[in-house]
Amino acid sequence: MRNRPTAGRARLALAVAVVLGGGALTALPAQAAPAADGLTVQYRTSASGASADQTEPWFKVRNTGSSTVQLSQVKVRYYFKADSPDASYRFACSWAVRGCSAVTGTFGTLSNPTATADRYLEVGFTSAAGTLAPGAGTGDLQLRFYRSNWQTLRQSDDYSFDGARTSYGDWDRVTAQLAGATVWGTAPEGNDPTDPTDPTDPPGGGQTLFDDFDYGSHTDPALSAHGWSVRSNSGGPGVPGATWDPSKVTFVSAGGNSVMNLETSTAGTGASTTQTEVLTKSVKFRNGTYAARVRFSDVPKSGPDGDHLVQTFFTINDLKAPMADDYAEYDFEYLPNGGWGEPSNILYTTSWETYNPDPWQAVNQHSEQRSSYAGWHDLVVTIDDGAITYYVDGQLFGTHGAQYLPERPMSINFNQWLIDLNGQTSTTPRSYDQQVDYVLHVKDQVLTPAEVAAKVAGYRTAGTGFVDEVPAS
């Protein structure tokens with residue numbers, strides 16, 4: 001964070017080292033004959049005006065083939081004309097029979113623009129959406145999208161729009177792909193979704209990492225198989241001489257869920273200090289939504305209080321050279337007993353552009369709140385092409401500028417460590433806990449805190465404890 005004292009330098013340099021170890025024209029409904037693989041898409045709109053605050057394409061997808069369809073292999077495209085060349089749009093799911101958390105929406109640009117279409121919304125499904133048996137349908141997909149600045153948008157010139165369709169019917173001005181092959185509808189001329197000249201096929205975005213942290217111990221083979229590393233190598237951040245102890249990363253039950261517990265302890269010396277860190281082995285996360293439910297602690301589990309403790313959830317990549325401009329780091333850091341010159345509780349969110357470890361120089365932006373955050377909190381940070389936005393318990397905590405956007409992918413990390421031993425000088429042993437209920441990342445999509453909560457609830461309702469669809473960078 002800006003002007004962080006010398007005590008914070010080691011954390012940065014050594015945390016980096018860890019990373020290294022819709023149109024007015026009307027078309028006749030398409031008549032699709034049953035086949036081994038086939039889909040039909042029905043459409044209606046709940047916003048029928050020529051212009052509207054948001055476009056509301058609702059769909060039902062039905063399996064007309066003779067074999068079961070994995071919905072994760074289905075993509076539906078709705079084509080529209082952007083309101084201006086620089087207009088940007090955001091997707092939302094209002095309600096879906098299969099659960100909004102199982103529905104994704106991304107935007108693409110057509111390689112061959114027409115008078116009624118130069119963009120498209122591509123609707124997809126996560127693995128949690130399940131399957132469609134022959135003859136079965138998805139039920140309602142009540143979807144919407146809107147301009148990022150909430151300006152009114154014009155629908156009357158959109159290829160896939162028909163304001164007269166206020167009840168469901170087959171609609172061939174949207175396309176459906178199954179396992180990469182177009183099986184329904186007609187795209188605007190020259191823009192077949194499977195055309196290899198289409199630079200956005202396959203589309204990016206919407207892929208999800210979700211982990212409910214349901215493991216037996218730090219040695220559970222599934223923990224490593226799911227892409228996590230439990231740190232054991234020496235070095236900072238934190239107290240010189242401290243060690244990182246994998247055995248202090250445990251999994252316990254809390255509120256009916258399995259949660260990850262990170263324990264940090266000390267007896268007032270570097271040699272007696274153990275710290276904990278868990279991070280993704282892959283460095284593949286960049287724009288999108290990051291979320292975690294984290295329990296911060298104001299008091300130790302045992303022993304005297306007062307240590308300068310840091311409890312975190314953050315993303316980071318490596319600093320390739322002092323002041324390198326492609327470094328990135330985005331932090332939630334809670335200091336229950338102060339530190340870095342702060343006398344008591346403080347929660348920081350910090351977006352880093354770069355730094356020089358020696359002599360210390362930092363380029364970052366931070367927000368802070370000086371109050372207790374003991375207990376469970378929902379932490380969300382979103383990164384798009386314009387800003388980094390932090391939320392705590394659904395409330396805006398801070399927005400940081402485009403100067404601090406990431407140029408390269410990052411890892412996802414949790415750690416708990418001591419800045420120094422100045423907060424409590426006793427040699428009586430003491431230990432502190434930080435807990436993590438879940439972590440979520442959705443690639444290239446900005447979700448609201450409510451949408452994050454719905455997505456997590458959807459995974460849990462479906463009994464999905466882990467999914468990682470995010471491609472390697």
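All values derive from a computational prediction rather than experimental measurement.

Definitions and limits used
- Residues numbered from 1 in each chain as written.
- Predicted model: local features only at pLDDT ≥ 70, side-chain atom pairs only at ≥ 80, totals over all residues.
- Heavy atoms only, no water.
- Helix = DSSP H or I, 4+ residues; strand = E, 2+ residues; numbered from the N terminus.
- Buried < 20%, exposed > 50% of the residue type's maximum accessible area, 1.4 Å probe, protein only.
- Areas by Shrake-Rupley, 256 points an atom, 1.4 Å probe, with all protein chains shown as cover.
- Phe/Tyr/Trp six-rings, centres within 6.5 Å; stacked < 30°, edge-to-face > 60°.
- Lys NZ or Arg CZ within 6 Å of the ring centre and 35° of its normal.
- Pairing = 2+ DSSP bridges.
- Axes fitted to C-alpha atoms, helices over the stretch in contact; angles between N-to-C directions.
- Salt bridge = Lys/Arg side-chain N within 4 Å of Asp/Glu carboxyl O.
- Disulfide = S-S within 2.5 Å.
- Core = buried A, V, L, I, M, F, W, Y, C linked by side-chain atoms within 4.5 Å.

Visitor: I'm lost on the overall build of the protein in this one. Help?
Guide: Of regular secondary structure, the protein possesses three helices and 31 strands. Residues counted as buried form 55% of the 473 residues belonging to the protein. Accessible surface computed for the protein: about 17,800 Å², of which carbon and sulfur atoms make up 49%.

Visitor: Would you mind going over the packing of aromatic side chains with me for this structure?
Guide: Each aromatic ring pair is summarised here by two numbers: the centre-to-centre distance and the angle between the ring planes. If you walk through the whole model with that rule in mind, you get 30 aromatic pairs. On the basis of an interplanar angle of 15° and a centroid distance of 4.8 Å, the ring pair of Phe210 and Tyr459 is categorised as stacked. Placement of the pair is Phe210 in strand E15 (residues 208-211) and Tyr459 in helix H3 (residues 449-461), with a sequence separation of 249 residues. Sitting over the face of the ring of Tyr120, Arg77 holds its NZ or CZ atom 3.9 Å from the ring centroid. Sitting over the face of the ring of Tyr159, Arg173 holds its NZ or CZ atom 4.4 Å from the ring centroid.

Visitor: Can you help me understand the pairing of strand E24 (residues 346-357) in this one?
Guide: Side-chain direction in a regular strand flips from residue to residue, so the side chains alternate between the two faces of the sheet. The buried fraction of E24 is high, at 11 of 12 residues. Alignment of strand E23 (residues 329-335) against E24, held across seven bridges, turns out to be antiparallel. Counterpart to Glu329 in the pairing with E24 is Trp352. Relative to strand E25 (residues 360-369), E24 runs antiparallel, the two sharing 10 bridges.

Visitor: Looking at this model, I keep getting lost on the sheet that holds strand E8 (residues 117-125). Mind explaining?
Guide: The strands making up a sheet associate through backbone hydrogen bonding, with each pair oriented either parallel or antiparallel. Strand order in the open sheet formed by five strands is E7-E8-E5-E13-E14, with antiparallel pairing between adjacent strands. The open sheet is flanked by strand E7 (103-114) and strand E14 (181-184), the only strands paired with a single partner. Looking at each pair of strands side by side, their axes are set apart by 30° on average, direction ignored.

Visitor: I would appreciate a short explanation of the pattern of salt bridges in the present structure.
Guide: When charged atoms on two side chains of opposite charge get close, those side chains can pair. This model, assessed by the stated rule, comprises 20 salt bridges. A salt bridge links Asp157 to Arg154; the nearest nitrogen and oxygen atoms lie 3.2 Å apart. Taking relative accessible area as the criterion, Asp157 reaches 18% and is therefore assigned buried. A relative accessible area of 41% means that Arg154 is categorised as partly exposed. Residues joined by salt bridges that share partners form a network here, namely Lys248, Glu263, Lys301 and Asp433.

Visitor: Mind showing me how you'd approach the state of the cysteines here?
Guide: In a disulfide, the sulfur atoms of two cysteines are covalently bonded to one another. Counted under the stated rule, the structure contains one disulfide. With its sulfur 2.1 Å from that of its partner, Cys93 forms a disulfide with Cys100. Judged by the torsion about the S-S bond (-70°), the Cys93/Cys100 disulfide is left-handed. Residue class for Cys93 comes out buried when judged on its relative accessible area of 14%. For Cys100, a relative accessible area of 22% gives the class partly exposed.

Visitor: For this particular structure, what's the right way to read the nonpolar core?
Guide: Nonpolar side chains in soluble globular proteins tend to end up buried together. Grouped together as the largest cluster of nonpolar side chains are 38 residues, with contacts concentrated most on Phe213, Trp228, Met260, Tyr290, Phe313, Ile388 and Phe414. If one sorts the elements of this core by residue count, strand E21 (residues 288-296) sits on top with four residues. Counting residues in hydrophobic clusters, the runner-up holds 34 residues, among them Val41, Val74, Ala82 and Cys93.

Visitor: What is the right way to read unusual backbone geometry from this model?
Guide: Apart from glycine, the bulk of residues carry a negative phi angle, and the bulk of peptide bonds sit in the trans form. Cis peptide bonds are those with omega within 30 degrees of zero, and the linkage from Gly236 to Pro237 qualifies with 10°. Relative to the helices and strands, Pro237 is located in the loop between strand E16 (228-230) and strand E17 (243-244). Omega for the bond connecting Asp358 with Pro359 falls within 30 degrees of zero, at 0°, which places this linkage in the cis form. Position of Pro359 relative to the elements: it lies in the loop between E24 and E25. Backbone geometry places Met323, a non-glycine residue, at a positive phi of 65°.

Visitor: What should I look at first to understand the sheet that holds strand E6 (residues 89-96) in this one?
Guide: An order of E6-E10-E3-E1-E12 is seen for the five strands of this open sheet, with the pairing classed as antiparallel. Either end of the sheet is taken by a strand with one partner, and the two such strands are E6 and strand E12 (169-170). In this sheet, strand E3 (residues 57-63) lies alongside strand E1 (residues 39-45) in antiparallel orientation, the contact comprising seven bridges. Its bridge partner lying in E3, Val41 is registered against Val61.

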